[in-house]
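Examining the three-dimensional arrangement
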Amino acid sequence: MAQTRIRLAAQAWGSLLQVQAALVPDLDRRLRDATGLPLAWYDVLLELSAAPERRLTMSQLGERAVLSRSRVSRVVDDLVGAGLARRDVHPEDGRSAYAVMTEAGMSRFREAAPVYLAGIEERFAEGLSAAELQQLRGLLQRVLARLSQ
């Protein structure tokens, strides 16, 4: 019985990784083709757009974005270079900085969001019912809650 559970867990995990491996390059290609934004840039802009004052410390951004912390720093550098974000010195800690979305960044984010959401619907959600999507979300949220304990 324990071996069956272990096998099922490994198969579920493998399926999750396969879905992610198939979808990420597809979403990246769609975003690049339609807007010129790589998915990594969109991910950082998404997190900044949802933050108060559209800013996060680099540490906060590293915790929220679906990228490694070192990759987040490089992406922010690229966004700054493109005028889509800026770095502001943290007033209470001169060793850290805020990543702040600019108006140009918000504009590009708004342009890219429909492309991103359409890609999720077409490539991920289309074959699932609303109830199945809700169940999947609930199961994944339960796993996340356990991981953050």
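In the block above lies the structure referred to throughout.
Quick caveat: nothing in here was measured; it's all calculated off a predicted structure.

**Observations concerning the overall build of the chain**
Check the secondary structure of the chain and you find six helices and three strands. Reading the chain from its N terminus to its C terminus gives the helix and strand order α-α-β-α-α-β-β-α-α. The C-alpha extent of the chain, read off along each of the three principal axes, is 55 × 35 × 25 Å. Relative to its 149 residues, the chain shows a buried fraction of 32%. For the chain, the share of sequence-separated contacts (at least 6 apart) that also reach a separation of at least 24 residues comes to 51%. Element-wise, carbon and sulfur atoms account for 55% of the exposed surface of the chain, whose accessible area totals about 9900 Å².

**Details of helix α4 (residues 69-81)**
Under the 1.5 Å per step criterion, the end-to-end length of α4 is 19 Å for 13 residues, consistent within 8% with the ideal 18 Å. On its buried face, α4 sits against α2 (39-50), α3 (58-64), β2 (85-90) and β3 (93-101). Just downstream of α4 lies Gly83, where phi reads positive at about 80°.

**Some thoughts on a nonpolar patch on the surface**
Taken together, the side chains of Trp13, Leu16, Leu17 and Leu140 make up a nonpolar region of the molecular surface, amounting to roughly 380 Å² of accessible area. Under the relative-accessibility criterion, Trp13 is labelled exposed at 53%.

**Re the packing of aromatic side chains**
A complete count under the given rule lists two aromatic pairs for this structure. Between Tyr42 and Phe109, the ring centres sit 5.2 Å apart and the planes meet at 25°, which makes this aromatic pair stacked. With Tyr42 in helix α2 and Phe109 in helix α5 (residues 103-125), the pair connects residues that are 67 residues apart, well separated along the chain. For the pair shown, Tyr42 and Phe109 are each scored as buried. For the pair Tyr42 and Tyr116, a centre-to-centre distance of 4.4 Å together with 35° between the ring planes defines the contact as tilted. Linking Tyr42 in helix α2 with Tyr116 in helix α5, this pair joins segments that are 74 residues apart in sequence.

**Describing the pairing of β2**
When β2 meets β3, the two strands line up antiparallel, connected through six bridges. Residue pairing across strands places Asp88 opposite Tyr98, the latter belonging to β3.

**Some remarks on the pattern of salt bridges**
Side chains that differ in sign of charge can pair as their charged atoms come close. For the structure on display, the rule yields eleven salt bridges. Across the pair Arg32 and Asp28 runs a salt bridge whose closest N-O atoms are separated by 2.9 Å. One end of the pair is Arg32 and the other is Asp28, both in helix α1 (residues 2-35) and four residues apart, which spans about a single turn. Exposure remark for Arg32: the relative accessible area of 44% places this residue in the partly exposed category. Assessed through its relative accessible area of 19%, Asp28 is described here as buried. In this structure, Asp33 engages Arg29 in a salt bridge whose closest nitrogen and oxygen atoms are separated by 3.8 Å. Here the residue Asp33 and the residue Arg29 both occupy positions in helix α1, the gap between them amounting to four residues, near one helical turn. Asp33 gets classed as exposed once you look at its relative accessible area, which sits at 60%. Each member of the salt-bridge network shares a partner with another, and the members are Asp26, Arg29, Arg30, Asp33, Glu122 and Arg123.

Analysis parameters
Residues numbered from 1 in each chain as written. Predicted model: local features only at pLDDT ≥ 70, side-chain atom pairs only at ≥ 80, totals over all residues. Heavy atoms only, no water. Helix = DSSP H or I, 4+ residues; strand = E, 2+ residues; numbered from the N terminus. Buried < 20%, exposed > 50% of the residue type's maximum accessible area, 1.4 Å probe, protein only. Contact = heavy atoms within 4.5 Å. Areas by Shrake-Rupley, 256 points an atom, 1.4 Å probe, with all protein chains shown as cover. Expected span 1.5 Å × (residues − 1). Patch = residues over 30% accessible without salt bridge, like charges linked within 9 Å, V, L, I, M, F, W, Y side chains within 5 Å. Salt bridge = Lys/Arg side-chain N within 4 Å of Asp/Glu carboxyl O. Phe/Tyr/Trp six-rings, centres within 6.5 Å; stacked < 30°, edge-to-face > 60°. Pairing = 2+ DSSP bridges.

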